Amino acid sequence: MKGGGRTLPSMLRPGEDLLKVEDRLWLLTAATGKGVYDFAFDRFFACRRPYVLPDESLEVVARAGAWPDYAERYRELEAQGVRLVHSPEQHLLATELPHWYPLLEDLTPRSLWFDTPPDARTVEAQLGWPVFLKGARQTSRHRRSLSIIEGPEAFRHAMDAYAQDDILHWQQVVCRELRPLRRVDDTQGADALPRSFEFRTFWWRQQLVGFGPYWWQGTPYALTPGEERDALALAGEAARRVALPFLVVDVAQEVSGRWIVIECNDGQESGYVGVSPFALWQRVLDLERERAG
């Protein structure tokens, strides 16, 4: 939209803030109340909040939580000359397993997905037991009973729970081969997923900008230099194949020592977990300075 006169109140939803960080990066932010996600940019970086936006279209990174209507929000902002860093199609590629899995099939556990809940016999015939169960986008609050399924009875119970779950009922059902992951500890509660040797990586235009433990609470764990090299090589290959502007790749180590991709996600929606948000955004800003020449 050209011609000036684009004011922030005309495009922002309640609680949202549009700011330019260090004169390099536009961000659309909103507090979610989750410490693992929120970051006060203006406490660490020079930020401007112009009331009237420049005439040219802006590329903007959203850090406003997970919108249930991403495509609609994208179109609303685009009509105002604000273009999110991921199109709706790119957002789906980053967030939903049926979209990214074909690109990473040899790097991640074998997976099947279903538009309608499958029966236990179908799952057993194609994958056997146990399986890892999730929605196409996410699990339900890391609950073991709805994720690690040992047999038909447990599967039927999980499908009943999925139908009532506010996170899972609208997602495609994904069944994954359950791989033997290296454990960190099992002290998180009876119905919590066991903590594996898992790490989160953030990639900005296919350059690494953030790396840290996925399980940021509980017993600390760290990589040897060799493990770090192998983990980042795998995550970097996944980022290269998916090839999106702001991608998260989670990787974990099997008990055999092999590294696998656990999942991908949109960097706009992902929590920092054990990644330093300041270091992440400082690296993004450095890369944007280099890109601008």
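On a predicted model such as this, the values are computed, not experimentally measured, just so you know.

Some details on the packing of aromatic side chains
Thinking step 1. Overall, the coordinates contain 21 aromatic pairs when judged by the stated rule.
Thinking step 2. Taken together, a centroid distance of 5.6 Å and an interplanar angle of 50° make the contact between Phe197 and Tyr221 tilted. Separated by 24 residues along the polypeptide, Phe197 in the loop between strand S11 (195-196) and strand S12 (198-204) and Tyr221 in the loop between strand S13 (207-213) and helix H6 (225-242) bring together distant segments of the chain.
Thinking step 3. An aromatic cluster is present here, built from Phe39, Phe41, Phe44, Phe45, Phe202, Trp204, Phe246, Tyr272, Phe278 and Trp281 joined pairwise through their rings.
Thinking step 4. For the cation-ring pair, Arg63 lies above Tyr37, with the distance from its terminal atom to the ring centre recorded as 3.9 Å.

Comments concerning the packing of helix H2 (residues 88-95) against helix H3 (residues 97-104)
Thinking step 1. Direction vectors running N to C along H2 and H3 enclose 70°, while the axes themselves pass 5 Å from each other. The orientation of H2 with respect to H3, classified from their angle, is roughly perpendicular. Taken as a pair, H2 and H3 cross one another with a handedness that is right-handed. Two secondary-structure elements touch here, H2 through Leu92, Leu93, Ala94 and Thr95 and H3 through Leu97, His99, Trp100 and Leu103.

Procedures and definitions
- Residues numbered from 1 in each chain as written.
- Predicted model: local features only at pLDDT ≥ 70, side-chain atom pairs only at ≥ 80, totals over all residues.
- Heavy atoms only, no water.
- Phe/Tyr/Trp six-rings, centres within 6.5 Å; stacked < 30°, edge-to-face > 60°.
- Helix = DSSP H or I, 4+ residues; strand = E, 2+ residues; numbered from the N terminus.
- Lys NZ or Arg CZ within 6 Å of the ring centre and 35° of its normal.
- Axes fitted to C-alpha atoms, helices over the stretch in contact; angles between N-to-C directions.
- Parallel < 35°, antiparallel > 145°, perpendicular 65-115°, else oblique.
- Left-handed = near helix turned anticlockwise from the far one by under 90°.
- Contact = heavy atoms within 4.5 Å.

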